[in-house]
Amino acid sequence: MRLLITGGTGFVGRRLVERAIADGHQVMVVSRDPVAARETLGSEVTVRDSAGAFVDDKPEAIVNLAGEPIADRRWSDSQKTRLLESRRHATREVVALCEQLAAQNAAPGVLVSGSAMGYYGDQGDREVTEQTPPHDEFAHRLCEMWEHEAHQAEAFGTRVACIRIGLVLDAGGGTLAKMAPPFKLGLGGKIGDGRQYMPWIHREDLVRIIEFLLVRDDLAGAINASAPNPVTNAGFTRAMGRHLHRPTLFFIPGPLLKAALGEMSRLLLTGACMRPRRLENAGFEFRYPTLDDALAAIFGD
Ligand SMILES: NC(=O)c1ccc[n+]([C@@H]2O[C@H](COP(=O)([O-])OP(=O)(O)OC[C@H]3O[C@@H](n4cnc5c(N)ncnc54)[C@H](OP(=O)(O)O)[C@@H]3O)[C@@H](O)[C@H]2O)c1
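All values derive from a computational prediction rather than experimental measurement.

Conventions we followed
- Residues numbered from 1 in each chain as written.
- Predicted model: local features only at pLDDT ≥ 70, side-chain atom pairs only at ≥ 80, totals over all residues.
- Heavy atoms only, no water.
- Helix = DSSP H or I, 4+ residues; strand = E, 2+ residues; numbered from the N terminus.
- Rg over C-alpha atoms; globule rule 2.2 N^0.38 Å.
- Buried < 20%, exposed > 50% of the residue type's maximum accessible area, 1.4 Å probe, protein only.
- Contact = heavy atoms within 4.5 Å.
- Pairing = 2+ DSSP bridges.
- Axes fitted to C-alpha atoms, helices over the stretch in contact; angles between N-to-C directions.
- Near = heavy atom within 4 Å.
- Polar contact = N/O pair within 3.5 Å; in protein donor to acceptor, adjacent residues only side chain to side chain.
- Areas by Shrake-Rupley, 256 points an atom, 1.4 Å probe, with all protein chains shown as cover.
- Nonpolar A, V, L, I, M, F, W, Y, C, P; charged D, E, K, R; others polar.
- Core = buried A, V, L, I, M, F, W, Y, C linked by side-chain atoms within 4.5 Å.
- Patch = residues over 30% accessible without salt bridge, like charges linked within 9 Å, V, L, I, M, F, W, Y side chains within 5 Å.
- Salt bridge = Lys/Arg side-chain N within 4 Å of Asp/Glu carboxyl O.

1. Considering the overall build of the protein
Alright, step 1. For the protein, the count of helices and strands is eleven helices and 15 strands.
Alright, step 2. The C-alpha radius of gyration of the protein comes to 19 Å, within 12% of the 19 Å expected for a compact globule of 301 residues.
Alright, step 3. Its C-alpha atoms give the protein principal-axis dimensions of roughly 60 × 40 × 40 Å.
Alright, step 4. Counting across all 301 residues of the protein, residues that qualify as buried make up 55%.
Alright, step 5. Of the contacts made within the protein by residues no fewer than 6 positions apart, 79% connect residues no fewer than 24 positions apart.

2. Overview of the sheet that holds strand β1 (residues 2-6)
Alright, step 1. Taken together, seven strands build an open sheet; the order of strands is β3-β2-β1-β4-β5-β7-β12 and the sheet is parallel. Among the strands making up the open sheet, the edge pair consists of β3 (46-48) and β12 (221-225). Strand after strand, the sheet turns through a mean of 20 degrees between neighbouring axes, direction not considered.
Alright, step 2. Where strand β5 (residues 110-116) lies against strand β7 (residues 159-165), seven bridges are found, and the strand directions are parallel. Counted as the bridge partner of Gly114 is Ile163 from β7.
Alright, step 3. Where helix α4 (residues 138-151) meets the sheet, it contacts β4 (61-64), β5, β7 and β12, and its direction lies at approximately 175 degrees from that of β5.

3. Focus on the site of the ligand
Alright, step 1. Close to the ligand lie 22 residues; Thr9, Val12, Ser31, Arg87 and Val168 are nearest.
Alright, step 2. Take Glu68: an N or O atom from its side chain is 2.9 Å from a nitrogen atom of the ligand.
Alright, step 3. Relative to its unbound accessible surface of 880 Å², the ligand loses 81% to contact with the protein.
Alright, step 4. Of all the secondary-structure elements, those providing two or more residues to the shell around the ligand are α1 (11-22), α3 (77-103), β5 and β8 (167-169).
Alright, step 5. Residue classes in the shell around the ligand are distributed as ten nonpolar, nine polar and three charged.

4. What about the nonpolar core?
Alright, step 1. In this structure, Val63, Ile163, Leu206, Ile209 and Ile210 are the most contacted members of the largest nonpolar core, which totals 38 residues.
Alright, step 2. Here the element with the most residues in this core is helix α6 (residues 203-215); it accounts for seven residues.
Alright, step 3. With near-sequence residues (within four places) excluded, Ile209 lies in contact with Ile163, Ile201, Ala225, Leu279, Phe284 and Phe286.

5. Comments concerning a nonpolar patch on the surface
Alright, step 1. A surface patch of nonpolar side chains, amounting to about 480 Å² of accessible area, comprises Leu185, Leu187, Leu249 and Phe250.
Alright, step 2. For Leu187, a relative accessible area of 44% corresponds to the partly exposed category.

6. Digging into the pattern of salt bridges
Alright, step 1. Applying the stated criterion across every chain yields a total of 22 salt bridges.
Alright, step 2. Among the salt bridges present, the one from Glu18 reaches Arg15, with a minimum N-O distance of 2.5 Å. Within this pair, Glu18 and its partner Arg15 are both found in helix α1, separated by three residues, close to a single helical turn.
Alright, step 3. Salt bridges here are not isolated pairs; linked through shared partners, they connect Arg15, Glu18, Arg19, Glu204 and Glu211.

Structure follows, in structure tokens:
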């Protein structure tokens, strides 16, 4: 398959690129810095700085993951604009490519496009499926815009699946790169009252979900991409302590976090008990269904 990936240099994208090459696909990546991306991804990958530059390569499938990282900076007005505009721009480029290719009767068959659990906003402890109405807040508006832009590709005959991704867990980056160091020092602990849900997914399973959606012609629309056993922050904290063999006696008071991070503290203090209802109904089998399975594999304990 000729597969085009935006955000292919990222934490998820890098693993997707590796697996796609191993599976014999022809892999193309959009990166803002093609020279650095070629160094990271190797010579088998064709890298260019815009989706439109791949029109002659006629990608058959597209995975759209590019965007300003959500948790790297406080959500000032200008940072919110960067978060929104980076995703709008990347996704519009992809849709424009679909339009150009459709004009040559070569529209990509499928676009798997990013979104996040943040689509649902704060949902307390109720169970959240793809049918659950969202809570209106910035994370929701960001994801809704991202999904809306991706769905424009349907006008050109491309199937569109938007993956509402949970916290992606693996060694070498992502959430655990930020969370594990204090835990390793014995300084880990609950955040706020610890009752907020943290839907999560092992990176390997997320890449398998993307591959599943690329080939399953019957699946389109919103897909919750998280493990079937979400945990609360308190449960996550206990599991980290168990797997790293450290106490987890500390805790970060909610008001302190709000003062330090402003609105971005909602990423840590609120959540959704997101369930992968549609993937389960479609017969997707998780390799890491529980957090203990995932952390045991990651920490090798
Ligand atoms: N990791 C998670 O826990 C998680 C959870 C929920 C949703 N997601 C979403 O899933 C997607 C993939 O996640 P990830 O962890 O692989 O992301 P990531 O490591 O932050 O990588 C995303 C890629 O996007 C590109 N990028 C970064 N800033 C950009 C900007 N300002 N404008 C345009 N492109 C930019 C970069 O590629 P170049 O530098 O090569 O251009 C980067 O490699 C992200 O959009 C993220 O929001 C991730």
